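Survey of secondary and tertiary structure
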Amino acid sequence: MPELLATSFGCFGPIALVLLIYFFACLKVVNEYERLVVFTLGKVEDRPKGPGLCFVWRPFQTAVTVSLRTVVMDVPSQDIITRDNVSLKVSAVVYFKVLDPKAAIVGVENYYYATSQMAQTTLRSILGEVTLDELLADREKLSQRLREIIDHSTEPWGIEVTSVELKSVDLPEQIQRAMGKQAEAEREKRAKIIAAQGELMASQQLLEAANKISENPTAIQMRYLQTLAEIATEKNSTIVFPLPMEFMKAFEKFTKS
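Treat the numbers as computed from the prediction; the structure is a model and nothing was measured.

What follows is about empty space enclosed by the protein. This model, assessed by the stated rule, comprises one cavity of 30 Å³ or more. When its volume is computed, the largest cavity comes out at roughly 30 Å³. Looking at the largest cavity, the residues that line it are V75, A92, V94, A119, L123, L146, I150 and V164. Put simply, the parts of the chain that give the lining of the largest cavity at least two residues each are β7 (87-98), α3 (111-127) and α5 (139-154). Looking at the lining of the largest cavity residue by residue, the class counts come to eight nonpolar, no polar and no charged.

So, in structure tokens, the structure goes:
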């Protein structure tokens, strides 16, 4: 009898070892930021598993792990031709995350690659509808518009696009030189306008001063003496004395008589 029991345990020992190995092979640890999409005989389960310790009946069940963290995707530089026929390169950054793991696995073959291609095509089409000035001045509005369009396109895949940022705009050298000349001309225009405004204000002040001085002839003589005093303090070798116009008129009448 003991020999029979020993023989029985000897037969079940390898089987128990195989079952133990199979049991541990079917266990899968799912992190807090992950979900497990399980397929049973090819059919997807309604609710993803996780987080924690999950059991997958292999080979009847297969599992795909999906991360729920925000993904930062770099959109490579795209050749853009704006509405005013300016060719440039624009790169962007897309922030998105998976809201529905089941839809992300079943609805599209590779949700990361699909989102990347959608972002590239949308970037080229939207930026091709604006001018260069609009692209440089309204980057926030364009980023918001890109986010809405990409998010609407990826919504059936269970993906939410949280933000789209235009990272860099590479302009050709001839466009940069033209923009530099335009900025220089704009600064010169502003300088001329400011100078003209200063001349206008100075002429108004001089007109008011002349009207004020003309009310009293003594004020003209006081101004004349002040001018002589200012010339004398500069230690000039030559001093030009201004003569009053009344003196010149009186001299002209004297010569005619």
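For the rest of this paragraph, the subject is the packing of aromatic side chains. Applying the stated criterion to the full structure yields four aromatic pairs. Arranged with centres 5.7 Å apart and planes meeting at 80°, the rings of F23 and F24 form a pair that is edge-to-face. Residue F23 is classed as partly exposed on the basis of its relative accessible area, which comes to 41%. Taking 5.6 Å as the distance between ring centres and 40° as the angle between the ring planes, the aromatic pair formed by F23 and F55 counts as tilted. On the criterion of sequence distance, the pair formed by F23 in helix α1 (residues 2-26) and F55 in strand β4 (residues 52-55) is long-range, its members being 32 residues apart. Ring-pair connections join several aromatic residues into one group, and the members of that group are F23, F24, F55 and W57. Its guanidinium or amino end placed over the ring of Y33, R69 lies 3.9 Å from that ring's centre, counting from NZ or CZ.

In this model α3 runs 24 Å from its N-terminal to its C-terminal C-alpha over 17 residues, within 8% of the 24 Å that 1.5 Å per residue would give. By the burial criterion, the buried members of α3 are Y111, A114, T115, S116, A119, Q120, T122, L123, I126 and L127. The opening residue of α3, the one whose side-chain oxygen lies 3.2 Å from the backbone nitrogen of Y112, is N110.

Let's shift gears to the sheet that holds β7. Spatial ordering of the open sheet is given by β6-β7-β8, a layout of three strands whose pairing is antiparallel. Each end of this open sheet is capped by a strand with a single partner; those strands are β6 (71-81) and β8 (159-170). In this sheet, adjacent strand axes meet at a mean angle of 25° when their direction is disregarded.

Read from one edge to the other, the open sheet built from three strands follows the order β3-β2-β5, with strand pairing classed as antiparallel. Looking along the sheet, the strands with just one partner apiece sit at the ends: β3 (43-44) and β5 (61-67). Here seven bridges tie strand β2 (residues 34-40) to β5, and the two strands are oriented antiparallel to one another. From the neighbouring strand, L36 faces β5, where its bridge partner is T65.

This part covers the pairing of β2. Where burial is concerned, most of β2 is hidden: five out of the seven residues are buried. Inspection of the sheet shows β2 paired to β3 by two bridges, in the antiparallel sense. Residue F39 lies in a different strand from β3, and its bridge partner there is V44. Two successive antiparallel strands, β2 and β3, enclose a turn made up of two residues, where L41 displays a positive phi of approximately 50°.

Calculation rules
Residues numbered from 1 in each chain as written. Predicted model: local features only at pLDDT ≥ 70, side-chain atom pairs only at ≥ 80, totals over all residues. Heavy atoms only, no water. 1 Å grid on protein atoms, 1.4 Å probe; cavity = no way out; pocket = protein on both sides within 12 Å on 5 of 7 lines; lining within 4 Å. Points joined across faces, edges and corners; volume = space filled by probe spheres on them. Helix = DSSP H or I, 4+ residues; strand = E, 2+ residues; numbered from the N terminus. Nonpolar A, V, L, I, M, F, W, Y, C, P; charged D, E, K, R; others polar. Phe/Tyr/Trp six-rings, centres within 6.5 Å; stacked < 30°, edge-to-face > 60°. Buried < 20%, exposed > 50% of the residue type's maximum accessible area, 1.4 Å probe, protein only. Lys NZ or Arg CZ within 6 Å of the ring centre and 35° of its normal. Expected span 1.5 Å × (residues − 1). Polar contact = N/O pair within 3.5 Å; in protein donor to acceptor, adjacent residues only side chain to side chain. Pairing = 2+ DSSP bridges. Axes fitted to C-alpha atoms, helices over the stretch in contact; angles between N-to-C directions.

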